Every structure is written in C-alpha cells, then in structure tokens.
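For reference, the chains in residue letters:
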Amino acid sequence: MFDVEKIRKDFPILSRKVNGKPLVYFDNAATSQTPQQVIDVIVDYYHNYNANIHRGVHTLSQEATDLYEQSRQKIQKHFNAKFSHEIIFTSGTTHGINLVANGFSSILKKGDDIIVSALEHHSNIVPWQMLCERTGANLKVIPMNDEGELVMSAYDRLLSKNTKLVFVNHISNALGTINPIEYIIEKAHDSGAAILIDGAQACPHIKPDLQGLDVDFYVASAHKMCGPTGVGMLYGKEAWLKKLPPYQGGGEMIAEVTFEKTTYADLPHKFEAGTPNIAGGIVFGAAIDYMNSIGFDTIAKYENELLQYASQKLLAIEGLKIYGTAKNKTSVISFNLEGIHPYDVGSILDKLGIAVRTGHHCAQPIMDYYKIPGTIRASFAFYNTKAEIDTLVEGVKKAKMMLS
Ligand SMILES: *Cc1c(COP(=O)(O)O)cnc(C)c1O
C-alpha cells in the first residue's frame, strides 16, 4: 500500500515553511528533493570513507573505490545495461550530451545530417549546434503539434542515408510529453543512424530498459531522481564508447603517459578524467535504491492520479490554458492565465509558499511555437499530495483576482 504521508516523513525539507506557509514543492522537473536515507549516505561517506579512488593502496581508498564501483553496478542493473563499463559517471545530463557531441566531431563530415526534436531542453540543442559549426553538418528538427507531440510522419521524411545521429528526449521537461522513443530508435537504426536519448526527465518517473530499447546513448542526472546535484550518467553501447575519442584529458583516463605518446585507459575510465564526484557517484546508487524501494509502477500510478486531479481542477479556472495535452504525459502541467504574465503569478504563489517554475524552462523553441514568453510549470513527484494541489488551485485563483 502506497502511503504518501509516510513517504513525506522521509523528506526533511517538506516540513519547512516558506514565507510563513508550509512549503508546497512543485518544481520537481527542475530538481527533486532528497530523502533522509540518501542524505545519510552522503554523511556516512564523509564520516567513514572519504578518500581518492582508483589510486591508493590504503584501506580508505580501496573502500571508497569499492563503494563507487558498486554504485556503477547498481546503475547498470537498474537501467539494464549489458556491462557496467558502459556506464560513465558524468556531472549530469548536460555533461553527457557534450561528451557525445564532442566525440562525434571526429565522425561527422560536411553535408551529414543530424536530427533533433522541437521539444528539447537547451542542453540537447546547443552542444549539437556547436558540433554543426565545427563539422559543417546540418541540424534538422522534428516538428511538434499543438498538443505538444512530435510529428512522426515528418520524422520519417527527415531520415535519409545522410542521417548520422538522432537525439531526442524521452520525456519533455517543459510539457511532460512522453515521446515514442521505441519508434524513434527503430527508425533511426533503419537509416543507419546512431541515437541518443536524453532521459533526464524520464528517469524520475519510469525505469528504462536500455538493452530492450536498443538505444546507443542514454543520459540522466541524479538530482532529478532524489539524488545529489553534480552527478549523472552516460550510458553508451560498448562499441560506441570504444569508437569515440576521450572528451577530457587528465589523470585517471590514461594507461601510460610519456611526452611522445599517451595511451588511454579502458572503459569506463577513458571518459572519467580527474577526480570525480566520488560521494555523488556513491549516493546516486543510494537514490536509485530509494526510488526502487517505492517502486516505479507505484510512482507512475500515483503521479498520474495527481496529474488527472490537478488538470481537472486547474482547467475549471476561467482563462486558464494548459500547454502540452499529449495523451501520453507525465505529471508536468505548463499553464498560463489569459492576459497575465507567468512571472507575476509565480511571485504570488511563492508568497503563499508554493514553489513553481516560470519562464521558458530551458526550452525556448517550444515557447516560440506557442508564441508565448513562457509558462507557469507545476511538476509533481510521488511525495506530493492532492491537498497540496488544492493549495495551488486556490493560489492561482487568488493570483488571478489580484492581477486581472
Ligand atoms: C534537467 C534536464 C536537462 C539538463 O540536466 P542537467 O542536470 O541540468 O544537466 C536536460 N534535458 C532534460 C529533458 C531535462 O529535464
């Protein structure tokens, strides 16, 4: 039985007040909150194991190394990767995408096509634009429709023998749309193209099966799934990771260094130059354990209840419009009040202790599509409640009264 009140007790921050009101945290698509079980692992690491990894003969270093590598295996198992060396620790999704984009600068040639979607976060747009500038490749865009879904017939037409790489998000952070990535992956492969999926927004809600998906690259951030900031993962199929050149040079990523020639370390270390976020890597595994202890089926079912409840209540407010009405979506609601700037609504909600995000959500092309400056975004996690949604609805009504 899913008991939200019991789960909320795991999250110390949920009992604090903001502006004298109980915090209502609805900015989960930007970052999730951290349960005590995960905070304990951070503290335990610095109390008992803090040492640099993969280098020392001493006990602390070996213990820290073991914990770090066990966490990598945990991540491998969670995402169903074939090998643990296909999991590269990164500083987050943005780092993972830049690593792959940099690698492709030695593969792409002038006239090659790479395909992005209209629904992307800036971090899955800008590194590829930089790559196009360096290589002369063309960036093509899968368009979206009014519901906030990608138009698959247009995708089919964009694919050709010139297509080298496709990169789309699994779930849109701005609208919550779940993209048909099975289809997108299969079609990319049919054209001989590689495919990267940005899973930053998917991993807090579902458990992807990477071998089942047959995806070439998949990226995620720990901080969106109850873990700390500054750590994430890049999954790459072994053959691809062997093919791509290293991203950064330094310690840890080498086999042998002389001034004449340096050879690189084996996977995964080839892509992990320098001292990594050791505590973060270990804690990432603990965050995954925590989420699995609740269960992703339970999480998805409960969050969908919150989504349906909030959508219905918000739509009852006159002049309120929801952007992103895909059939398949997660618990993200982007909306505006007619004639009122989203920032003004967000400021009033903050006074009431309600944390939402306003603006373009790092996805300006989506806002341009709808010809709006931004939206108010309420994004729910499994530790949110219907009572909190009622507070939001009352807050939006109040903001509307004050601002119109
Ligand atoms: C949050 C997010 C990113 C960026 O993640 P960082 O942790 O900031 O690197 C990229 N794509 C999507 C879909 C996101 O939601």
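Reading guide: rules and limits
- Residues numbered from 1 in each chain as written.
- Predicted model: local features only at pLDDT ≥ 70, side-chain atom pairs only at ≥ 80, totals over all residues.
- Heavy atoms only, no water.
- UniProt positions renumbered as here; feature names shortened; annotations may be inferred.
- Salt bridge = Lys/Arg side-chain N within 4 Å of Asp/Glu carboxyl O.
- Helix = DSSP H or I, 4+ residues; strand = E, 2+ residues; numbered from the N terminus.
- Phe/Tyr/Trp six-rings, centres within 6.5 Å; stacked < 30°, edge-to-face > 60°.
- Buried < 20%, exposed > 50% of the residue type's maximum accessible area, 1.4 Å probe, protein only.
- Expected span 1.5 Å × (residues − 1).
- Contact = heavy atoms within 4.5 Å.
- Domains from an automatic or database assignment.
- Buried area = accessible area lost by both parts, 1.4 Å probe.
- Polar contact = N/O pair within 3.5 Å; in protein donor to acceptor, adjacent residues only side chain to side chain.
- Near = heavy atom within 4 Å.
- Areas by Shrake-Rupley, 256 points an atom, 1.4 Å probe, with all protein chains shown as cover.
- Nonpolar A, V, L, I, M, F, W, Y, C, P; charged D, E, K, R; others polar.
- Pairing = 2+ DSSP bridges.
- Right-handed = clockwise from strand over helix to strand, strands pointing away.

An unreviewed UniProt entry annotates the protein as Cysteine desulfurase originating from Seonamhaeicola aphaedonensis. What the UniProt record of the protein gives under Sequence similarities (unreviewed entry) is the line "Belongs to the class-V pyridoxal-phosphate-dependent aminotransferase family. Csd subfamily."

*Asks:* Even after reading the chapter, I still don't get the pattern of salt bridges, so can you show me in this structure?
*Replies:* For side chains bearing opposite charge, pairing can occur when the charged atoms are close. Summed over all chains, the structure comprises 15 salt bridges. Taking the shortest distance from any N to any O, the salt bridge between Arg55 and Glu252 comes out at 3.3 Å. With Arg55 in the loop between α2 (36-48) and α3 (59-79) and Glu252 in the loop between α9 (238-243) and β11 (254-257), this pair connects stretches of sequence that are 197 residues apart. Note that Lys237 and Asp214 form a salt bridge whose closest N and O atoms lie 2.8 Å from each other. On the criterion of sequence distance, the pair formed by Lys237 in the loop between β10 (232-236) and α9 and Asp214 in the loop between α8 (210-213) and β9 (217-221) is long-range, its members being 23 residues apart. Taken together, the shared-partner salt bridges in this structure form one network comprising Asp27, Arg357 and Arg377.

*Asks:* For this particular structure, what's the right way to read the packing of aromatic side chains?
*Replies:* Aromatic ring pairs are defined here through the distance separating the ring centres and the angle between the ring planes. One pass over the full model with this rule turns up 16 aromatic pairs. Plain terms: the ring middles of Phe2 and Tyr302 are 4.4 Å apart, the flat faces sit at 45° to each other, and that makes the pair tilted. Taken together, the residues span a long stretch of sequence, with Phe2 in the segment before α1 (4-8) and Tyr302 in helix α11 (residues 296-315) at a distance of 300 residues. Given the relative accessible area of 11%, Tyr302 is considered buried. Judged by centre distance (6.3 Å) and plane angle (45°), the ring pair of Phe79 and Tyr218 falls under tilted. With Phe79 in helix α3 and Tyr218 in strand β9, the pair connects residues that are 139 residues apart, well separated along the chain. The same class applies to Phe79 as to Tyr218, namely buried. Taken together, the aromatic side chains of Phe11, Tyr290, Phe382 and Tyr383 make up a single cluster linked through ring pairs.

*Asks:* Explain α11 here, please?
*Replies:* In an α-helix, one turn spans 3.6 residues, which is why side chains three or four residues apart end up on the same side. When the terminal C-alpha atoms of α11 are compared, their 28 Å separation across 20 residues agrees well with the 28 Å that a helix rising 1.5 Å per residue should span. Every buried residue of α11 is accounted for by Phe296, Ile299, Tyr302, Glu303, Leu306, Leu307, Tyr309, Ala310, Ser311 and Leu314. Of the surrounding elements, those touching the buried residues of α11 are α1, α3, α10 (278-294), β13 (320-323), β14 (332-337) and α14 (386-403).

*Asks:* What should I look at first to understand the domain arrangement of the protein in this one?
*Replies:* A common measure of how large an interface is: the accessible area buried when the components associate. According to the domain assignment, the protein consists of domain 1 (4-30 + 295-403) and domain 2 (39-293). Opposite the 35 residues of domain 1 that make contact, domain 2 presents 35 residues. Between domain 1 and domain 2, the buried area comes to about 2,700 Å², and carbon and sulfur atoms account for 58% of it. Per-residue buried area on domain 1 facing domain 2 is highest for Phe296, Ile366 and Tyr369; these three make up 25% of the total on that side. The interface formed by domain 1 and domain 2 holds zero salt bridges in total. Summed over the shared surface of domain 1 and domain 2, the number is 19 residue pairs in polar contact (both at pLDDT 80 or more). At the level of secondary structure, the elements contributing two or more residues to the side of domain 1 that touches domain 2 comprise α11, β14 and α13 (364-370). Here the side of domain 1 that touches domain 2 takes six residues from α13, the largest share from any one element.

*Asks:* Help me understand the site of the ligand, please; the structure alone is not making it clear to me.
*Replies:* Residues in contact with the ligand, as listed here, are Thr93, Thr94, His121, Ser123, Ile171, Asn173, Asp198, Ala200, Gln201, Ser221, His223 and Lys224. Between the ligand and Gln201 there is a distance of 2.5 Å, counted from an oxygen atom to a side-chain nitrogen or oxygen. Contact between the ligand and His223: an oxygen atom at 2.7 Å from a side-chain N or O atom of the residue. A total of 380 Å² of accessible area belongs to the ligand in isolation, and the protein chains cover 86% of it. A per-class count over the shell around the ligand returns two nonpolar, eight polar and two charged.

*Asks:* Whenever I open this one, the pairing of strand β5 (residues 113-117) confuses me. Can you help?
*Replies:* Side-chain positions along a regular strand alternate between the two faces of the sheet. In terms of burial, β5 is a largely internal element, five of the five residues being buried. Residues Asp113, Ile115 and Ser117 line one face of β5 and the alternating positions Ile114 and Val116 line the opposite face, and both faces are buried. With five bridges connecting them, β5 and strand β6 (residues 138-142) associate as parallel partners. The residue bridging Val116 from the neighbouring strand is Val141, located in β6. Between β5 and its parallel partner β6, the chain crosses via helix α5 (residues 126-135), and the hand of that crossover is right-handed.

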